[in-house]
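Chain by chain, the residues:
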Amino acid sequence: GCGTVVPPEEPYPFRCPLALGRDDIDHVVTRELDPAGLAFPTGDHPHPFIRYRAMLASYQMARAWGVTDRVFIDWVGELDRRIAAVAGHGFRTTPFEPHAALSARLGLGADDALWIKDETGQVAGSHKARHLMGIALHLEVAERLGKTTREETARRGLAIASCGNAALAAATLARATGRRLAVFIPTDADARVVARLEELGADITVCARSEGVAGDPCYL
């Protein structure tokens, strides 16, 4: 991209500040962790955002500004309880194990069985909520640290383009954290998904495809 470096204390590090839509550059922001002093987590805590907290940008920001490890864990737990109140349960480590029935159908034995990562028991029914939880947690931490305000986050707005799973995940987290969310969905979105989005209070915009216009109409 353009090579812009976003400072670590930036409360909204999700988008390059030069991505103004006036060039043909992919302004992709990537997170780089300094490996010095970091080790891959080896614990067995059932909550993934507690087990892998040291790898999170929000954790690094919190620690740099004097937040203790214990307090950060408490913040994750508090946020997770609010999510559980909406979704029925909070985040959990999802199973990764061999699937006997599918392996048998494929003619695979025990030594070369098909392994399945089952995310259907995750928040909102898919892996999408895990990705968006990182953003929700980062916003919570930035606001608690006084790096931004809830009013400023609301002014900037939260939005997602999706045909299903990602929208449900985002709407679930937005409802749990008391944030407004704009959801852009296609005309053929599943009626059950639309109904659940309405229950969660999402601001829904249905996007029809325009003839001769390339790309995803929801994203556009």
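Data block above holds the structure.
Throughout, a residue's number is its position along its own chain's written sequence, starting from 1. Where local features are concerned, this predicted model is filtered to residues with pLDDT of at least 70; where side-chain atom pairs are given and counted, the filter is 80 or more; whole-chain, interface and lining totals use all residues. Where side-chain values are given, they derive from all heavy atoms of the structure, hydrogens and water being excluded.

Enquirer: Can you explain the overall build of the protein? Please cite residues and give values.
Expert: Summing up its helical and strand segments, the protein has 8 helices and 5 strands in all. Secondary structure counts use DSSP, requiring at least four H or I residues in a row for a helix and at least two E residues in a row for a strand, with both numbered from the N terminus. Secondary structure elements of the protein occur, N-terminal to C-terminal, as α-α-α-β-α-β-α-α-β-α-β-α-β. Counting only C-alpha atoms, the protein reaches 55 × 55 × 40 Å along its principal axes. Taking all 220 residues of the protein together, 34% fall into the buried category. Burial classes follow relative accessibility: with a 1.4 Å probe on protein chains only, a residue under 20% of its type's maximum area counts as buried, one over 50% as exposed, and anything between as partly exposed.

Enquirer: Run through the layout of surface pockets, naming residues and quoting values.
Expert: Considered as a void within the structure, the largest pocket measures approximately 1,500 Å³ in volume. The pocket and cavity definitions rest on a 1 Å grid over protein atoms only: a 1.4 Å probe that fits but cannot leave marks a cavity, an open set with protein on both sides within 12 Å along at least five of seven lines marks a pocket, and residues lining either have an atom within 4 Å of a point. Surrounding the largest pocket, 41 residues form its lining, Phe-14, Arg-15, Ile-135, Gly-157 and Ala-159 being those nearest its centre. Those elements that place two or more of their residues in the lining of the largest pocket are helix H5 (128–144), helix H6 (150–156), strand S3 (159–161) and helix H7 (165–177). A total of 5 residues in the lining of the largest pocket trace back to one element, the largest contributor, which is H7. Along the lines of polarity and charge, the residues of the lining of the largest pocket split into 28 nonpolar, 5 polar and 8 charged. Grid points are joined across faces, edges and corners, and a volume is the space filled by probe spheres set on the points. What the second largest pocket holds in volume is close to 990 Å³. The wall of the second largest pocket is formed by 36 residues, among which Val-6, Val-29, Thr-30, Arg-31 and Glu-32 lie closest to the centre. For the lining of the second largest pocket, the element with the highest residue contribution is helix H2 (residues 57–64), accounting for 6 residues. In this classification, the charged set is Asp, Glu, Lys and Arg, the nonpolar set is Ala, Val, Leu, Ile, Met, Phe, Trp, Tyr, Cys and Pro, and all remaining amino acids, among them Gly, are polar.

Enquirer: How would you summarise the environment of Glu-151 if you had to cite specific residues and measurements?
Expert: By the element assignment, Glu-151 lies in helix H6. Taking the C-alpha atoms as reference, Glu-151 lies 15 Å from Ala-174; in sequence the two are 23 residues apart.

Enquirer: Residues and numbers for the state of the cysteines, please.
Expert: Counting rule for disulfides: a pair of cysteine sulfur atoms within 2.5 Å. For the structure shown, the criterion picks out 0 disulfides. Cysteine Cys-163 shares no disulfide, and the gap to the nearest cysteine sulfur, in Cys-218, comes to 7.8 Å.

Enquirer: Can you lay out H7 for me, pointing to particular residues and giving the numbers?
Expert: Residue count minus one, scaled by 1.5 Å, sets the expected span of a helix. Relative to the 18 Å expected for 13 residues at 1.5 Å per residue, H7 spans 19 Å between its end C-alpha atoms, a close match to the ideal helical length. The element H7 is largely enclosed, with a buried count of 11 among its 13 residues. Every buried residue belonging to H7 is among Ala-166, Ala-167, Leu-168, Ala-169, Ala-170, Ala-171, Thr-172, Leu-173, Ala-174, Ala-176 and Thr-177, and all of these are buried. Residue Gly-178 follows H7 closely and has a positive phi angle near 70 degrees.

Enquirer: Would you mind going over the side chain of Glu-143 in detail, with residue names and values included?
Expert: Here Glu-143 lies in helix H5. Polar side-chain contacts of Glu-143 include one of 2.9 Å to the side chain of Thr-153. Each residue touching Glu-143, except ones within four places of it in the same chain, is listed here: Thr-148, Thr-149, Arg-150, Thr-153 and Arg-179. Polar contact criterion, stated in full: a pair of N or O atoms within 3.5 Å, where within protein one must be able to donate a hydrogen and the other to accept it, and residues adjacent in sequence count only if both atoms are side-chain atoms. Note on definitions: a residue-residue contact is assigned when non-hydrogen atoms from the two residues lie within 4.5 Å.

Enquirer: Go over the nonpolar core, please, and point to the residues and values.
Expert: We define the nonpolar core as a collection of buried residues of types Ala, Val, Leu, Ile, Met, Phe, Trp, Tyr and Cys that are connected through side-chain atoms lying within 4.5 Å of one another. Counting residues in each nonpolar core, the largest one holds 41 residues, and the members touching the most others are Phe-72, Ile-83, Phe-91, Val-141, Val-183 and Leu-197. Looking at this core, the elements with two or more residues in it are helix H1 (48–51), H2, helix H3 (69–87), H5, H7, strand S4 (182–186) and helix H8 (191–199). If one sorts the elements of this core by residue count, H7 sits on top with 9 residues. Once you skip the residues sitting within four places of it in the chain, Ile-83 turns out to touch Gly-88, His-89, Phe-91, Val-123, Met-133, Leu-173 and Ala-176.

The values reported here are purely geometric and, on their own, carry no functional implication.
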